[in-house]
Amino acid sequence: MKKNDRLVLTIEDLGEDGVGIGRLDGYIWFVKDALIGDMVEASVMKMKKNYGFARLVQILKPAPGRVKARCPVARACGGCQLQELSYEEQLHFKERKVCNHLKRIGGVGGLLLPEEAALADETPDAIVMEPIIRMEEPWRYRNKAQYPIGHTKDGRLTAGFYAGRTHALIPLPEGGCLLSSEEDQGLLKVILDFMQEYGIQSYQETEHTGLVRHVLLRKGFYSGQQMVCLVINGETLPHAEVLSARLKGAGVASLSLSVNMERTNVIMGKHTIHLYGPGYITDRIGKLEYRVSPDSFYQVNPLQTKKLYETALEFAGLTGNETVWDLYCGIGTISLFLAQKARMVYGVEVVLQAVWDARENALRNGIHNAEFFVGEAEEVLPQQYEQNQIRADVIVVDPPRKGCAQACLDTILKMAPDRVVYVSCDSATLGRDVKYLSGGGYRLTRVRTIDMFPMSGHVETVALLTKKAQ
Ligand code: SAH
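Regarding the site of the ligand
Close to the ligand lie 17 residues; Y309, E349, A377, E378 and D398 are nearest. At 3.1 Å, a backbone N or O of Y328 approaches a nitrogen atom of the ligand. Here the ligand has 580 Å² of accessible area as a free molecule, and 90% of this is covered by the chains. Those elements that provide at least two residues to the shell around the ligand are helix 5 (333-339) and helix 7 (377-388).

See the structure below:
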């Protein structure tokens, strides 16, 4: 086989990012935009020793779950990977992915998919995954979007998204992104018109020139409050007072600038300038009210977040007497959920602004049994354990995709809580960490997936690990 040769493949699996995977004579092919069950014709792009990449030429026989994408730029845009798969099949894909990772990487032999529950009696150490928590309406669920600003091919200023794996700008289609808030379009128009009128340039990555890099929009779904933050390659925004007046007129609660003058892929800059408003928005999840600053992490799907936290709370099995640690706590959302049912909750988070939010959020909700530490979980937890002899009945972790650092897991094992509730946005690292904790005396007892990111290949998992009887 060589470049541009044609091949016919049946797609058997989807990769991490939703890329179709097929096999031919033991060799693995990755075909973007091909779905599980599709029979496709593809053209060879690049070949490595054991695997290669091929471009989809045509679908010879569509997969049973194949649907027409709703968004006209679904294939080009890096945001969605699964729009051409029916929602039902997306959910199956996600459950299977988590199950496979926990089995293969996590070594959890007895794990069964919800539909395999009937096999539980004949499976040694059976654990049946609880059914995925789905969305009723899997569109327009995001409360936040970061739009890169650039130019269309014919030179018009535009907002869009990056193509998958590259920084080619895909302009937003008419009607905007179907995962984001409907109001985003109007706000982007105000900002782009303002830039056009005053000759304010968009940032050019290759030359490191121009001013406006990204526009971050975040909306409190419950409060309705809208926050705008312009990420700029400079210290000031010319005619900022005009933009402020226009956005105020459009009902925006807060406008800020994030200064990012570095050549970097990181979106947000290191410091923020508030132009008006409090610089944060407030929102509610369930009964609790939260303040969210621009640099703080806040889950993007508020409807599903409530269900995620309820699941974590249920798995934590609190009676009111427990000491609980919430590692990677962000603005304290899970901590404060837990605090309502625990004796004391300690949160740990590395972003200082998020910890300020967390402390303020505790006060705001009249919660006095929550305390927050700034720092890396893998530093703060061992320190507190060794110097202050702190203990834990339950430890909740919600790490970023790379999972928990080993020093953190080692301290968890030393502290020996009754239960570890692991909230994960990457089931491969979840598998790795489950394996480590299993080696240290814990057993996986419950698993539930939550679809926080419909149309993308990502999925959230809550896993309960219970200390084995001595
Ligand atoms: N539980 C929170 C946040 C989860 S996102 C929520 O549901 O909103 C993961 C968080 O971990 C982010 O806020 C990130 O800033 C923080 N973080 C990343 N690495 C960390 C580390 N080593 N120690 C502590 N916090 C970390």
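Regarding the sheet that holds strand 21 (residues 394-397)
Strand order in this open sheet of eight strands is 8-23-24-22-21-18-19-20, and the pairing throughout is mixed. This sheet does not close on itself; its edge strands, each paired only once, are strand 8 (130-133) and strand 20 (370-374). Adjacent strand axes in the sheet meet at a mean angle of 20° when their direction is disregarded. Here strand 19 (residues 344-349) pairs with strand 20 via five bridges, running parallel. Across the sheet, residue V348 finds its bridge partner in strand 20, namely F373.

A look at the pattern of salt bridges
By the definition in use, this model includes 25 salt bridges. Across the salt bridge formed by R6 and E41, the nearest N and O atoms sit 3.2 Å from each other. With R6 in strand 1 (residues 6-14) and E41 in strand 4 (residues 39-47), this residue pair connects regions lying 35 residues apart in the sequence. Among the residues examined, R6 registers a relative accessible area of 49% and is labelled partly exposed. You can call E41 buried: its relative accessible area is 15%. Residue E289 is joined to R284 by a salt bridge in which the shortest nitrogen-to-oxygen separation is 3.8 Å. The class of R284 is partly exposed, set by a relative accessible area of 29%. One continuous salt-bridge network, built from bridges that share partners, spans D38, R66, R75 and E84.

Description of the domain arrangement of the protein
As far as domains go, the protein holds domain 1 (6-61), domain 2 (81-141 + 301-470) and domain 3 (144-284). Its C-alpha centre places domain 1 at a distance of 37 Å from the equivalent point of domain 3.

A closer look at a nonpolar patch on the surface
Judged by side-chain polarity, V8, M39 and L60 come together as a nonpolar surface patch covering roughly 230 Å² of accessible area. Along the chain, the position of L60 falls in strand 5 (residues 51-61). Residue class for L60 comes out partly exposed when judged on its relative accessible area of 39%.

Focus: unusual backbone geometry
Look at A416: it is not a glycine, yet its phi comes out positive at around 50°. Inspection of the secondary structure assignment puts A416 in the loop between helix 8 (406-415) and strand 22 (419-424). In this structure, M455 takes a positive phi of about 80° despite not being glycine. Mapped onto the elements, M455 comes out in the loop between strand 23 (442-450) and strand 24 (460-467).

Here we look at the pairing of strand 10 (residues 157-162)
With five of its six residues buried, strand 10 lies for the most part within the structure. Relative to strand 10, strand 9 (residues 144-151) runs antiparallel, the two being bridged by three bridges. If you follow G150 over to strand 10, its bridge partner there is T158. What sits between the antiparallel neighbours strand 9 and strand 10 is a turn of five residues, in which G155 has the positive phi angle 90°. Sheet analysis places strand 10 next to strand 11 (residues 169-171), joined by three bridges and oriented antiparallel. Looking at strand 11, one finds that G160 is bridged to P171. The hairpin formed by strand 10 and strand 11 contains six residues between the paired strands, and R165 there has a positive phi angle of roughly 70°.

Describing the sheet that holds strand 2 (residues 20-24)
Paired through their backbone hydrogen bonds, the strands of a sheet run either parallel or antiparallel. Reading around the circumference, 1-2-3-5-4 is the order of the five strands in this closed barrel, with mixed pairing throughout. When strand polarity is set aside, the average angle formed by the axes of neighbouring strands in this sheet is 50°. Across five bridges, the pairing between strand 1 and strand 4 is antiparallel. Its bridge partner lying in strand 4, R6 is registered against S43.

The rules behind each value
The written sequence of each chain sets the order in which its residues are numbered from 1. With the structure being a predicted model, the display of local features is reserved for residues of pLDDT at least 70 and the display and counting of side-chain atom pairs for 80 or more, all residues being used for whole-chain, interface and lining totals. Here the side-chain values reflect all heavy atoms present in the structure, with hydrogen atoms and water set aside. Note on definitions. A residue lies near a molecule or strand when any single heavy atom of the residue is within 4 Å of it. Polar contacts, as counted here, are pairs of nitrogen or oxygen atoms within 3.5 Å of one another; within protein the pair requires one atom able to donate a hydrogen and one able to accept it, and residues that are adjacent in sequence qualify only if both atoms are side-chain atoms. Accessible surface is estimated by sampling points in the Shrake-Rupley manner with a 1.4 Å probe; for residues, cover comes only from the protein chains shown. Secondary structure elements follow DSSP: runs of H or I of four or more residues count as helices, runs of E of two or more count as strands, with numbering from the N terminus. Any two strands between which DSSP finds at least two bridges are classified as paired. The axes are straight lines fitted to the C-alpha atoms, using for helices just the contacting stretch, and the angles between their N-to-C directions are given from 0 to 180°. Salt bridges, as used here, are contacts in which a Lys or Arg side-chain nitrogen is within 4 Å of a carboxyl oxygen on Asp or Glu. Only protein chains enter the area calculation, which uses a 1.4 Å probe; residues under 20% of their type maximum are buried, those over 50% are exposed, and those in between are partly exposed. Segment limits for the domains were obtained from an automatic or database-derived domain assignment. A patch is a set of surface residues, each over 30% in relative accessible area and not in a salt bridge, joined within 9 Å for like charges and within 5 Å for the nonpolar side chains Val, Leu, Ile, Met, Phe, Trp and Tyr.

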